[in-house]
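Residue-level structure breakdown
Here are the chains, one letter per residue:
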Amino acid sequence: MDSRETLDQELEQILKWEKQQKDLFIWDKIGRLPFAMLDKVMPKALKQKIGDSLNDVGQYVQHGGKFLVQKKKVAKLLQEEAEKSGYSMIDTTYRLEQEDETEGTTKIHSVEKLPLQVLDQVADNITESRTKFAAAQGAATGFGGIVTIAADIPMVMGLSLKVLQEMALCYGYDPDEPLERIFIVKCLQFSSADIVGKKAIIEELAAYDDPDKPIEVVSQMQGWREVFNSYSESFGWKKLFQLIPIAGMVFGSVSNKNTIRDVGEAGKMLYKKRLILQRLK
């Protein structure tokens, strides 16, 4: 188990990271233009595809579904990294849970006695792998402009959600739970929000596990579209650049790579912060 000194140092690094979330890429800055202006220049087909993808996200928030990852795969990665780092599975309470045949579900694994070093390494490995995949996917779908971008948008949205679910599993949280699905969507919004938006999200998530300040799950689920106001603006502009045939390969690769990288980083930091605060208690 990490010492209190180690936990305090890790928490300090995360707080520094939160303060550094001020620089925006050029397309993020453009994305802060009024949404009405965005509506005028964005093709209807692109807006429709983003809307469809957001509807899929809404279904995930309310019911879970096709974006859910296999918990046993992430558990296996944690197990392998723990053994590689010299942490015997016998000496920890961590174990790879088998599928529950009676309920047909896979239980969440325990990371209670695994150090942050192991959890961070698995989270970094997952982000790196997903980022490379996203870059290749963006280049491929950016080649044909408007024709192939229709396939790219739901793929990026789905991959973003899966990365965040994997970040949750890395730090011992169950993405099947309604509260965690909401937290994941907040992380998704944070990854592309402006400075004011990021500050508001950080303040909101600071008391996420406080039993004296319960979260209105039903209200959060019903109002999930509000979470995506800023996200859809930024995401729309990134995809708009990708509409240029052939040149869209470069835009698509860079855009998708940065999107998944930022999503993974946000998920890692925000989930890690929750775990550290829980361990400090």
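Structure: above.
Attention here is on the structure that accompanies the text.

About the criteria used
- Residues numbered from 1 in each chain as written.
- Predicted model: local features only at pLDDT ≥ 70, side-chain atom pairs only at ≥ 80, totals over all residues.
- Heavy atoms only, no water.
- Helix = DSSP H or I, 4+ residues; strand = E, 2+ residues; numbered from the N terminus.
- Buried < 20%, exposed > 50% of the residue type's maximum accessible area, 1.4 Å probe, protein only.
- Contact = heavy atoms within 4.5 Å.
- Areas by Shrake-Rupley, 256 points an atom, 1.4 Å probe, with all protein chains shown as cover.
- Phe/Tyr/Trp six-rings, centres within 6.5 Å; stacked < 30°, edge-to-face > 60°.
- Lys NZ or Arg CZ within 6 Å of the ring centre and 35° of its normal.
- Salt bridge = Lys/Arg side-chain N within 4 Å of Asp/Glu carboxyl O.
- Core = buried A, V, L, I, M, F, W, Y, C linked by side-chain atoms within 4.5 Å.
- Axes fitted to C-alpha atoms, helices over the stretch in contact; angles between N-to-C directions.
- Parallel < 35°, antiparallel > 145°, perpendicular 65-115°, else oblique.
- Left-handed = near helix turned anticlockwise from the far one by under 90°.
- Nonpolar A, V, L, I, M, F, W, Y, C, P; charged D, E, K, R; others polar.

Next up on the list: the overall build of the protein chain. What the protein chain contains, in helices and strands, is 13 helices and 2 strands. Taking all 281 residues of the protein chain together, 49% fall into the buried category. Excluding contacts between residues fewer than 6 apart, the proportion of contacts in the protein chain whose partners are at least 24 apart in sequence is 81%. In the form shown here, the protein chain has an accessible surface area of approximately 14000 Å², with 55% of it arising from carbon and sulfur atoms.

In this section: the packing of aromatic side chains. Scanning the entire structure with this criterion turns up 4 aromatic pairs. For the ring pair Phe183 and Tyr208, a centre distance of 5.0 Å and an interplane angle of 70 degrees mean the geometry is edge-to-face. One end of the pair, Phe183, is in helix α8 (residues 178-190); the other, Tyr208, is in the loop between α9 (195-206) and α10 (217-222), and 25 residues separate them in sequence. Here Phe183 matches Tyr208 in class, with each residue buried. With a centroid separation of 4.6 Å and an interplanar angle of 50 degrees, the aromatic rings of Phe183 and Tyr271 are classed as tilted. In this pair, Phe183 is assigned in helix α8 and Tyr271 in helix α13 (residues 248-280), connecting sequence segments 88 residues apart. Under the relative-accessibility criterion, Phe183 is labelled buried at 1%. A relative accessible area of 0% places Tyr271 in the buried class. Taken together, the ring pairs connect Tyr173, Phe183, Tyr208 and Tyr271 into an aromatic cluster. A cation sits over an aromatic face here: Arg274 above Phe183, 4.4 Å from the ring centre.

Take the pattern of salt bridges next. Under the definition given, this model contains 13 salt bridges. Glu81 serves as the salt-bridge partner of Lys84, at 3.8 Å between the closest nitrogen and oxygen. Of the two residues, Lys84 and Glu81 are both situated in helix α5 (residues 71-84); the distance of 3 residues between them amounts to about one turn of the helix. On the accessibility criterion, Lys84 (66% relative accessible area) is exposed. When its relative accessible area of 10% is taken as the criterion, Glu81 is described as buried. A salt bridge links Lys272 to Asp120, with the nearest nitrogen and oxygen atoms 2.8 Å apart. Of this pair, Lys272 sits in helix α13 while Asp120 sits in helix α6 (residues 116-142), and the two are 152 residues apart along the sequence. In this structure Asp120 comes out as buried when scored by relative accessible area, which is 10%. If you follow the salt bridges from partner to partner, you end up with Glu10, Asp120 and Lys272 in one network.

Membership of the largest hydrophobic core comes to 56 residues, with the highest contact counts inside it found for Leu119, Tyr171 and Tyr271. Where this core is concerned, the elements lending two or more residues are α1 (4-19), α4 (44-63), α5, α6, α7 (146-170), α8, α9 and α13.

Let us now look at the packing of α8 against α13. If you want to describe how two helices pack, look at the angle between their axes and the distance between the axes. Relative to each other, α8 and α13 sit at 130 degrees, their axes nearing to 9 Å. Considering the angle they form, α8 stands oblique to α13. For α8 against α13, the interelement crossing comes out right-handed. Here Glu180, Phe183, Ile184, Cys187, Leu188 and Phe190 of α8 come into contact with α13, specifically with Val263, Ala266, Gly267, Leu270, Tyr271 and Arg274. The residue inventory of the contact of α8 with α13, partitioned by class, reads 9 nonpolar, 1 polar and 2 charged.

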